Structures are given as structure tokens and as C-alpha cells.
Amino acid sequence: MESQSVPYQESPEEEQEIIHMPPPTAPEMQAEQAPVHQEPLTVPKEPQYSGSIEDAMTHLAAAIDRSAAVLNACADQVNVGKKREGRDVSFVGTSDVSFGASGAIDLGPLQPLVDDDTINDILVNGPDQVYVERSGQVQLTDVRFSSHQELFELANNIVAAVGRKLDNRRPLVDARLLDGSRVNIVAPPLAIDGVSISIRKFAKEKITLDSMVQSGCLSEQLANFLKIAAQAKVNMVICGGTGSGKTTLLNAISQHIRIEDRIVTIEDSAELQLQQPHIVRLETKIPDVRSNTDEEVNMRDLVKNALRMRPDRIIVGEVRGPEAFDMIQAMNTGHDGSLTTIHANTPRDGL
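About the thresholds
- Residues numbered from 1 in each chain as written.
- Predicted model: local features only at pLDDT ≥ 70, side-chain atom pairs only at ≥ 80, totals over all residues.
- Heavy atoms only, no water.
- Buried < 20%, exposed > 50% of the residue type's maximum accessible area, 1.4 Å probe, protein only.
- Helix = DSSP H or I, 4+ residues; strand = E, 2+ residues; numbered from the N terminus.
- Pairing = 2+ DSSP bridges.
- Axes fitted to C-alpha atoms, helices over the stretch in contact; angles between N-to-C directions.
- Contact = heavy atoms within 4.5 Å.
- Expected span 1.5 Å × (residues − 1).
- Arc of directions from axis to C-beta.
- Salt bridge = Lys/Arg side-chain N within 4 Å of Asp/Glu carboxyl O.
- Parallel < 35°, antiparallel > 145°, perpendicular 65-115°, else oblique.
- Left-handed = near helix turned anticlockwise from the far one by under 90°.
- Nonpolar A, V, L, I, M, F, W, Y, C, P; charged D, E, K, R; others polar.
- Core = buried A, V, L, I, M, F, W, Y, C linked by side-chain atoms within 4.5 Å.

Peer 1: Would you mind showing me how to read unusual backbone geometry here?
Peer 2: Outside of glycine, negative phi angles account for most residues, and trans bonds account for most peptide bonds. Following P188, the chain continues into P189 via a peptide bond in cis, with omega recorded as 10°. Of note in this structure, S135 is not a glycine but carries a positive phi near 50°. Looking at S135, the relative accessible area reads 69%, which means it is exposed. Of note, the phi angle at R310 is positive, near 55°, even though the residue is not glycine. Considering the arrangement of structural elements, one finds R310 in the loop between α9 (299-306) and β10 (313-316). Judged by relative accessible area, which is 57%, R310 ranks as exposed.

Printed below as a string of C-alpha cells:
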């Protein structure tokens, strides 16, 4: 699904021919002025649009294809009677834009575990070991894969659904499922015992600050303080260890952001579940190892670019590298109300 659109560039030979081409003779000018039969313009039909994200992307891809057809027809009319090999306007890969697995992907032996709402994490250590985490307890299951190849094909299907590729040259990949579940995959040669898959599932029921108070995760006073802080556009950095609920708390706090605010979210793998209407979601991009021209777009690049997008709020899913400097700079240059998470035991350690 990874493809790249390369703009047409004339070769040096073509440029040489154009520069030194002699002026046309009278017979040639008459031939050029002769009427030429033009093929009727063929424009792809517009698909039915039902309002879903998948249909919206299909609708957008069809619109781009129609634009390409019109531009190609214009080029035909300008270059009547001339050879036009390799000059078609191309928008390669536009129909492959994806916001997660399409839903048609078959997760094989893992499907029952993904459908089980009591499971929080699914941990695959090669084809013969599959663990799950329920209520904080890690348990070995009887789920098995028939071979290393079956497990690798499943992993490749997951990453392909978000436009990425898993192979020996890039054996580390982050992805996500349609329901927003976060997926991390490590393949050989880095994973010695076979492909490792870690799936972090998110609760289907929306977790709020009030529900966290009811379950004893927060005091009522702290929940009220966080609500006021979110509405007052106070910058917040949520600290905690792996699996401590940083993203869950960030989602709960974000529910109290004003609906009028323009929010830009930045993540390695999209997992934030904000409910406001004016949201721009950005995700980092891994370069294609098969291409010398494809460039990486990392978290720091996106944070810098977000500053030019007139955001009221910048929310970074997690800072753990040089982007921390840009995030702090954004918080101190008029972008109040920004939120992020960081792996740290205490707020002091986080700072």
C-alpha cells in the first residue's frame, strides 16, 4: 500500500531537443493546424457517500481521480498531435489513505481475544505463547499459531492496513486497529523467538473524570480541579509508568476542553479519542526504506508545524525525545492549554 507520486520531469535529452529544434516548415505548420479527432473526456464516476470516514476517503480519492482526468484532457488539447508518453498526471496512493484497519482484516486466532471486553492487553511471544492481561493479572492462554509464517502474515496484514510495511529492513512497527487499539510489532531478526505482537486495547465505554471518581481512581476534589484546569487552558504534563493510564487520563481531561477550540493532536500512532468537532489529527511518518527520496516526518517536525496551524490547543500523545523542547516552547509562547504525557515516576522526574 506504500506508494509514492513522483512529479514528471523532462529528461536532459528532451530539453536538448526542445532547445535546438529548428523552426517548422510550411507543410508542417499546415499539418499542425489540421483538425484532429479528440477522444471524449472520461471522468470517473462519483461514488455514493454515506457519511462514514471510509466512504469520505473513497469520495476524496474519486474527486482527485476526476481532477487528474480533467488535467490529462487539458494536456491532450494543448499538445494535439504530439507524443505525450509518460506525462499523465498521477496521484498515486490517494485511495490508500487509512485511519486504521479497514475492519475486514482477519486477526485469526487473536480475534476472540480482541472481542473479549475483559482483556486489556494481548501479548504474543512467537507462535506458541500468547498471554493476556485481565484486571492487572497476566495469564497464559491456549491460543496458538500453526507456524511462524502464519504469525508473520497476520502481523504484516495489521501494519499494511495503516500504510506501513514489516520486513527485515524495518522490523519495528507501530500500528492500530479500527477500534483504536494500539499495536506494537517486533519481527526477526530483532525478535529472536519469532514475531512479537503487543496489543493495548481501549475500553469501549468512554471513561470520564466522574467515572474515575466513582471507581476510586481520583478524589472528587482532584477531578474538579482537573476540570477547571482544562477549561482555564492550563498547560498539563501527565506523568506515569507504562500502563498506568496516562492516555486514559488525557482523554478524560480533554472532554472538558471548549468545543470552540481548534485542537491539533500529534502522535506516533493515533490513539487519542477526543470528542470535540474541530480537531486536526497528525501522525508521524516512517520513511520507505526502498526509496532514496522518501523522508521521515518525526514528532518534532509535527510539533514545529503545528505552531503554524493556528491551534488553540496542542495535544501530543507522548513526548520522549527532542520534541520535548518544542513542546515546552509552545507552552511558553502563547499556546496555553496544551497537554502531553511522559514516562516518569513523578512530576519532578518528568520535568
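Peer 1: Can you help me understand the pairing of strand β3 (residues 137-140) in this one?
Peer 2: Within a regular strand, the side chains alternate between the two sheet faces. Here strand β2 (residues 130-134) runs beside β3; their pairing, made up of four bridges, is antiparallel. Bridging across to β3, Y131 finds its partner in L140. The antiparallel pairing of β2 with β3 creates a hairpin that spans two residues between the two strands, and S135 there sits at a positive phi of about 50°.

Peer 1: I keep staring at the sheet that holds β3 and nothing clicks. Help me out?
Peer 2: What links the strands of a sheet is backbone hydrogen bonding, and the strands pair in either a parallel or an antiparallel sense. What the six strands build is an open sheet, ordered β3-β2-β1-β6-β5-β4; its pairing is antiparallel. Looking at strand neighbours, the two that pair on one side only are β3 and β4 (172-176), the edges of this open sheet. Adjacent strand axes in the sheet meet at a mean angle of 15°, parallel and antiparallel pairs treated alike. The sheet contact formed by strand β1 (residues 121-125) and β2 spans four bridges and is antiparallel. In the sheet register, I122 faces β2, and the bridge partner there is V132. In the packing of helix α5 (residues 148-160) onto the sheet, contacts are made with β1, β4, β5 (182-186) and β6 (196-200), and the angle to β5 comes to roughly 130°.

Peer 1: What is the right way to look at helix α7 (residues 220-231) in this model?
Peer 2: Along its twelve residues, α7 runs 17 Å from first to last C-alpha, staying within 8% of the 16 Å computed at 1.5 Å per residue. Taken as a whole, α7 has its buried residues at A223, L226, K227, A229 and A230. What you see down the axis of α7 is that its buried residues fit within an arc of 165°, all on one side. Opposite the packed face of α7, turned more than 90 degrees from it, sit the exposed residues E220, Q221, F225 and I228. Next to the buried residues of α7 lie α6 (209-214), β7 (236-240), α8 (246-254) and β10. Where α7 terminates, the next one or two residues include K233, which has phi positive at roughly 60°.

Peer 1: It is not clear to me how the pattern of salt bridges should be interpreted in this structure. Could you clarify?
Peer 2: Pairing of side chains with opposite charge becomes possible as their charged atoms draw close. This model, assessed by the stated rule, comprises eleven salt bridges. Of the charged contacts in the structure, one is a salt bridge between D121 and R200, with a shortest N-O distance of 2.6 Å. Taken together, the positions of D121 in strand β1 and R200 in strand β6 put the pair 79 residues apart, joining distant regions of the chain.

Peer 1: Help me understand the packing of α9 against helix α10 (residues 323-331), please; the structure alone is not making it clear to me.
Peer 2: Each pair of packed helices can be summarised by the angle the axes make with each other and by the distance between the axes. Put simply, α9 and α10 touch, their axes get as near as 8 Å, and they point 20° apart. The angle between the axes of α9 and α10 places the two elements in the roughly parallel class. For the pair α9 and α10, the sense of crossing is left-handed. In this structure, α9 uses M299, R300, V303 and K304 to contact α10, whose residues at the interface are E323, F325, D326 and M327. Residues belonging to the contact of α9 with α10 are distributed by class as follows: four nonpolar, no polar and four charged.

Peer 1: Help me out: how do you make sense of the nonpolar core in this one?
Peer 2: Soluble globular proteins tend to pack their nonpolar side chains together in the buried interior. Formed by 28 residues in total, the largest nonpolar core has its most connected members in L110, I122, I158, I185 and I197. Looking at this core, the elements that each hand over two or more residues are α4 (111-115), β1, β2, α5, β4, β5 and β6. For this core, the element with the most residues is α5, which contributes five residues. Beyond its immediate stretch of four places on either side in the chain, I158 contacts I105, L107, A175, L177, V183 and I185. The next biggest cluster of nonpolar side chains, apart from the first, holds 19 residues, and it includes A223, I238, L249 and I315.

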